[in-house]
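# Commentary on secondary and tertiary structure
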Amino acid sequence: MTIFPEKTATVNEECITAYNDLKLSKKYKYVIFKLSDDNKEIVVDSTSETGAEYDDFREKLINAKTKSKTGAVGKGPRYAVYDFEYNLASGEGVRNKITFIAWSPDDAGIMAKMIYASSKEALKRALPGIATEVQANDADDIEYDSLVKTVSKGTAA
């Protein structure tokens, strides 16, 4: 007997469209996804503006909020894809890696974290071509330099 039934959210078509806009037409540098208020569907939370900086993306994750069933608002988990671009240390040029980030801050609500964890694979399956996945639980985990090091497997300049 399980205390919490398995809950997996469905992926809204808008998520796939935004991802394809990032991946194929380079319209966005990032897309941030969230669960709908009823936790039944994964939807687009925000996308990058033209020329958006990494710091804007990071701040959006750090400041993400989620509403609990009781109506309390607290820190919230998110999913994100970011198109990292970096120069190879060897001088062999520039590389791009689309990275899936599962943002689940340590101080987010336990129920929100559980639902996000159980729905992550549904979103990843709907987004083909992700090169790397990163699990991030605090602000240090999403520092640009450390993510580029992870994404590039140490080959970035």
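Counting restarts for each chain: residues are numbered from 1 in the order of the written sequence. The predicted origin of the model limits local features to residues at a pLDDT of at least 70 and limits the giving and counting of side-chain atom pairs to 80 or more, whereas totals for whole chains, interfaces and linings rest on all residues. Derived side-chain values reflect all non-hydrogen atoms in the structure, with water molecules and hydrogen atoms excluded from consideration.

As named in an unreviewed UniProt entry, the protein is Cofilin, taken from Triangularia setosa. UniProt positions are given in the numbering used here, feature names are shortened, and annotations may be inferred rather than shown by experiment. Listed in UniProt under the heading Sequence similarities (unreviewed entry), the comment for the protein reads: "Belongs to the actin-binding proteins ADF family." Note on the protein: under the UniProt heading Subcellular location (unreviewed entry), the record states "Nucleus matrix".

## Examining the overall build of the protein
Secondary structure assignment for the protein yields 4 helices and 8 strands. The way it works is that DSSP assigns letters per residue, a run of H or I at least four long becomes a helix, a run of E at least two long becomes a strand, and they are numbered from the N terminus. For the protein, the succession of helices and strands along the chain, N to C, is β-α-β-β-α-β-β-β-β-α-β-α. For the radius of gyration, the atoms used are the C-alpha atoms, and the globule rule reads 2.2 Å times the number of residues raised to 0.38. For 157 residues, the compact-globule formula gives about 15 Å, and the C-alpha radius of gyration of the protein, at 16 Å, lands near that figure. For the protein, with 157 residues in total, the buried portion stands at 39%. Where accessible areas are quoted, they stem from the Shrake-Rupley method and a 1.4 Å probe; at the residue level, only the protein chains shown are allowed to cover. When the accessible surface of the protein is totalled, it reaches about 8700 Å², and 50% of it is carbon and sulfur. None of His or the chain ends enter the tally, which takes Lys and Arg as positive and Asp and Glu as negative. Charge coordinates come from a single atom per side chain, which is NZ of Lys, CZ of Arg, CG of Asp or CD of Glu. Distance from the positive charge centre (22 side chains) to the negative charge centre (25 side chains) of the protein: 4 Å. For each residue, the accessible area found with a 1.4 Å probe, counting protein chains only, is set against the maximum for its type, and the residue is called buried under 20%, exposed over 50%, and partly exposed in between.

## Some details on the layout of surface pockets
Of the two site types, the cavity is a set of points on a 1 Å grid over the protein atoms alone where a 1.4 Å probe fits but cannot get out, and the pocket is an open set with protein on both sides within 12 Å along at least five of seven lines, each lined by residues with an atom within 4 Å of a point. Grid points are joined across faces, edges and corners, and a volume is the space filled by probe spheres set on the points. Considered as a void within the structure, the largest pocket measures approximately 350 Å³ in volume. Counting only elements with at least two residues in the lining of the largest pocket, the list comes to strand 4 (65-67), strand 5 (73-75) and helix 3 (110-126). Counting residues per element, the lining of the largest pocket draws most heavily on helix 3, at 5 residues. Under the grouping applied here, Gly and all other residues not named as nonpolar or charged are polar, the nonpolar ones being Ala, Val, Leu, Ile, Met, Phe, Trp, Tyr, Cys and Pro and the charged ones Asp, Glu, Lys and Arg. Considered class by class, the residues forming the lining of the largest pocket number 9 nonpolar, 6 polar and 7 charged.

## Focus on the environment of Thr 70
For Thr 70, the location among the structural elements is in the loop between strand 4 and strand 5. The class for Thr 70 is exposed, based on a relative accessible area of 72%. When the C-alpha atoms of Thr 70 and Asp 145 are compared, they prove to be 38 Å apart, with 75 residues separating the residues in sequence.

## What to know about the pairing of strand 6 (residues 78-87)
Of all the 10 residues making up strand 6, 8 are buried; the element is thus mostly covered by neighbouring parts of the structure. One ladder, built from 4 bridges, connects strand 2 (residues 30-35) with strand 6; its direction is antiparallel. Within the sheet, the bridge partner assigned to Ile 32 lies in strand 6 and is Ala 80. Strand direction decides the pairing type here: strand 6 and strand 7 (residues 94-103), joined by 10 bridges, are antiparallel. For two strands to pair, DSSP has to find at least two bridges joining them.

## A closer look at the packing of aromatic side chains
For Phe, Tyr and Trp, where Trp contributes only its six-membered ring, two rings pair if their centres lie within 6.5 Å, and the inter-plane angle classes them as stacked under 30 degrees, edge-to-face over 60, or tilted in between. Using the criterion set out here, one finds 11 aromatic pairs in the structure. Seen from their ring centres, Tyr 30 and Phe 57 are 4.8 Å apart, and the 50° between their planes marks the pair as tilted. Of this pair, Tyr 30 sits in strand 2 while Phe 57 sits in helix 2 (residues 54-62), and the two are 27 residues apart along the sequence. Both residues of the pair, Tyr 30 and Phe 57, belong to the buried class. Judged by centre distance (5.9 Å) and plane angle (40°), the ring pair of Phe 84 and Tyr 144 falls under tilted. On the criterion of sequence distance, the pair formed by Phe 84 in strand 6 and Tyr 144 in helix 4 (residues 144-151) is long-range, its members being 60 residues apart. Residue classification places Tyr 144 among the partly exposed positions, given a relative accessible area of 32%. Connected via pairs of aromatic rings, a cluster forms that spans Tyr 30, Tyr 54, Phe 57, Tyr 82, Phe 84 and Tyr 144.

## So, a negative patch on the surface
Together, Glu 49, Glu 53, Asp 55, Asp 56 and Glu 59 make up a region of like negative charge exposed at the surface. Tracing the backbone through its elements, the reader meets Glu 59 in helix 2. Using a relative accessible area of 38% as the deciding quantity, one classes Glu 59 as partly exposed. Every patch collects residues that have over 30% relative accessible area and no salt bridge, joining them within 9 Å if they carry like charges and within 5 Å if they are nonpolar side chains (Val, Leu, Ile, Met, Phe, Trp, Tyr). By salt bridge we mean one thing: a side-chain nitrogen of Lys or Arg within 4 Å of a carboxyl oxygen of Asp or Glu.

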